[in-house]
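# A structural walkthrough
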Amino acid sequence: MIISLSKDNIQVIREQDVVLLRNRVKEVAVKIKMGLVNQTKLITAASELLRNMLRYGGGGFCLIEIVSKGRDNGVRLTFTDKGPGIPDLSLAMKDGYSTGRSLGLGLPGAKRLVNEFDLKSKVGEGTTVMILKWANG
Amino acid sequence: MDKIPILRMGNFLLVTIQVDLYDRLALNLEADLVQMVSKTNARGVLIDISAVSIVDSFMGRIIGNIASMSKIMDAETVVVGMQPAVAITLIELGLPLKGVHTALNVERGMDLLKSMIGTTEEEPEEEQDDDYLTE
């Protein structure tokens, strides 16, 4: 059972918001004593998803939560946009696939960097991505 | 508008990234660097990322682009000072930065650049000096 200890919802609409949000995630990760490597992985994953949200979803919200399960603490980030949505989720999760002109590493790469990953999308309604990284995970 | 300074040192261009890069800044750096290589006839580009704590796929792509662009402008690129956590993250992300030369620190990066472009113009002079001294 995962309990949410703190919540912070941040709007992301401009490119500069990415740096701001990365700093917020860092603060939270430091607060729960997450190690440097895990911090870097979490922030990098967040950065990938933020970029996707700005580029394909036209911006949206990022919910930053400190969560706890038993003795473990972690950071959960939920990215929500009201963009066009992803028609084929399994294709979007494939390494090297991109509808833009990027490397196609964003979604599959972000998944490899965190402990839990959940992608939900409805065409025409938007996309929600949740990632969770445990402090010692 | 923020700008990342590009320093010229002899045949080389030095770039030290001290701030968190956002996309526009990284793209500007890419364009500025290629311009500078052309303007200064630089043979090598050294990029110090020791203060960069996050390299995501976009940043990785920019680094790769800079290396390939410099290459076709006849300049070599060496990336130095990557933090261990960044290296771990890049590999797990699936971005091994193929085709980009790296070195542990600025000093080794400089040595690598010199060996890559071959400092043939200076070496004969030094030899002559040595001969002169021993005589």
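Owing to the predicted nature of the structure, the values given are computational and were not obtained by experimental measurement.

## Here we look at the sheet that holds strand E1 (residues 6–9) of chain B
All names here are of chain B.
- The strand order across the open sheet built from 5 strands is E1-E2-E3-E4-E5, with neighbouring strands paired in mixed fashion. Both outer strands of the open sheet, E1 and strand E5 (101–103), are each paired with one neighbouring strand and no more. Pairs of neighbouring strands in the sheet enclose a mean axial angle of 25°, with direction left out of account.
- Bridging between strand E2 (residues 12–16) and strand E3 (residues 44–48) involves 5 bridges; their strand directions are parallel. Residue pairing for E3: Leu-13 is matched across the bridge by Val-45.

## Quick word on the confidence of the model for chain B
Residue and element names in this part refer to chain B.
- For chain B, the mean per-residue pLDDT works out to 87, and 87% of the residues sit at or above 70.
- Segment residues 123–127: pLDDT under 50, and 0 contacts once partners within four positions in sequence are set aside and those in other chains are kept.
- Taken together, the chains of this predicted complex give a pTM of 0.86 and an interface ipTM of 0.86.

## What about the nonpolar core?
Residues and elements named next belong to chain A.
- Counting residues in hydrophobic clusters, the biggest one holds 62 residues, and the most contacted among them are Val-25, Ala-46, Leu-49 and Leu-50.
- If one sorts the elements of this core by residue count, helix H2 (residues 36–56) sits on top with 8 residues.
- Residues in contact with Val-25, not counting those within four places in the same chain, are Leu-42, Ile-43, Ala-46, Ile-64, Val-75 and Leu-77.

## So, the interface of chain A and chain B
- At the junction of the two partners, chain A supplies 22 residues and chain B supplies 18 residues.
- Those elements that provide at least two residues to the side of chain A that touches chain B are helix H1 (16–31), H2 and helix H4 (106–113) of chain A.
- The class makeup of the residues in the side of chain A that touches chain B is 8 nonpolar, 7 polar and 7 charged.

## Some points on the sheet that holds strand E1 (residues 3–12) of chain A
Residue and element names in this part refer to chain A.
- An order of E1-E2-E3-E5-E4 is seen for the 5 strands of this open sheet, with the pairing classed as antiparallel. Unpaired on one side and paired on the other, E1 and strand E4 (116–122) mark the two borders of the sheet. Across the sheet, the mean angle separating the axes of adjacent strands is 15° when strand polarity is ignored.
- Bridge analysis of strand E2 (residues 60–69) against strand E3 (residues 72–81) gives 10 bridges, and the strand direction is antiparallel. Pairing of Glu-65 across the sheet is with Arg-76, part of E3.

## Observations regarding the packing of helix H1 (residues 23–40) of chain B against helix H2 (residues 57–72) of chain B
Residue and element names in this part refer to chain B.
- Contact geometry for H1 and H2: axes closest at 10 Å, N-to-C directions at 10°. The orientation of H1 with respect to H2, classified from their angle, is roughly parallel. Counting all contacts with H1, which are made through Asp-23, Ala-26, Glu-30, Leu-33, Val-34 and Val-37, the residues of H2 involved are Phe-58, Met-59, Ile-62, Asn-65, Ile-66, Met-69 and Ser-70.
- Within the contact of H1 with H2, the residues separate by chemical class into 9 nonpolar, 2 polar and 2 charged.

## Brief notes about the packing of H1(A) against H2(A)
All names here are of chain A.
- Packing of H1 against H2 leaves a shortest axis separation of 10 Å and a crossing angle of 150°. Classified by the angle their axes make, H1 and H2 are roughly antiparallel. For the pair H1 and H2, the crossing hand works out as right-handed. On H2, the residues touching Val-18, Leu-21, Arg-22, Val-25, Lys-26 and Ala-29 of H1 are Gln-39, Leu-42, Ile-43, Ala-46, Ser-47, Leu-50 and Arg-51.
- Taken together, the residues that form the contact of H1 with H2 break down as 8 nonpolar, 2 polar and 3 charged.

## Examining unusual backbone geometry
Residue and element names in this part refer to chain B.
- Unusually for a residue other than glycine, Asn-41 sits at a positive phi of about 55°.
- The topology assignment puts Asn-41 in the loop between H1 and E3.
- The phi dihedral of Leu-97 is positive, around 50°, even though this residue is not glycine.
- Examined against the element boundaries, Leu-97 turns out to sit in the loop between helix H3 (84–93) and E5.
- By the C-beta count within 10 Å, which is 18 here, Leu-97 ends up partly exposed.

## Let's talk about H2(B)
- A rise of 1.5 Å per residue sets the reference length of H2(B), with its 16 residues, at 22 Å; its end C-alpha atoms lie 23 Å apart and thus fit the reference within 8%.
- Where H2(B) is concerned, the buried positions are B:Ser57, B:Phe58, B:Met59, B:Gly60, B:Ile63, B:Ile66, B:Ala67 and B:Ser70.
- Packed against the buried residues of H2(B) are H2 and H4 of chain A together with H1, E3, strand E4 (76–80) and H3 of chain B.
- Trailing H2(B) by a residue or two, B:Asp74 shows a phi angle of about 65°, which is positive.

Rules of the game
- Residues numbered from 1 in each chain as written.
- Chains lettered and ligands numbered in written order.
- Predicted model: local features only at pLDDT ≥ 70, side-chain atom pairs only at ≥ 80, totals over all residues.
- Pairing = 2+ DSSP bridges.
- Helix = DSSP H or I, 4+ residues; strand = E, 2+ residues; numbered from the N terminus.
- Axes fitted to C-alpha atoms, helices over the stretch in contact; angles between N-to-C directions.
- pLDDT = per-residue confidence, 0-100.
- Contact = placed C-beta atoms within 7 Å.
- Core = buried A, V, L, I, M, F, W, Y, C linked by C-beta atoms within 7 Å.
- Buried ≥ 20, exposed ≤ 12 C-beta atoms within 10 Å, placed from the backbone.
- Nonpolar A, V, L, I, M, F, W, Y, C, P; charged D, E, K, R; others polar.
- Parallel < 35°, antiparallel > 145°, perpendicular 65-115°, else oblique.
- Left-handed = near helix turned anticlockwise from the far one by under 90°.
- Expected span 1.5 Å × (residues − 1).

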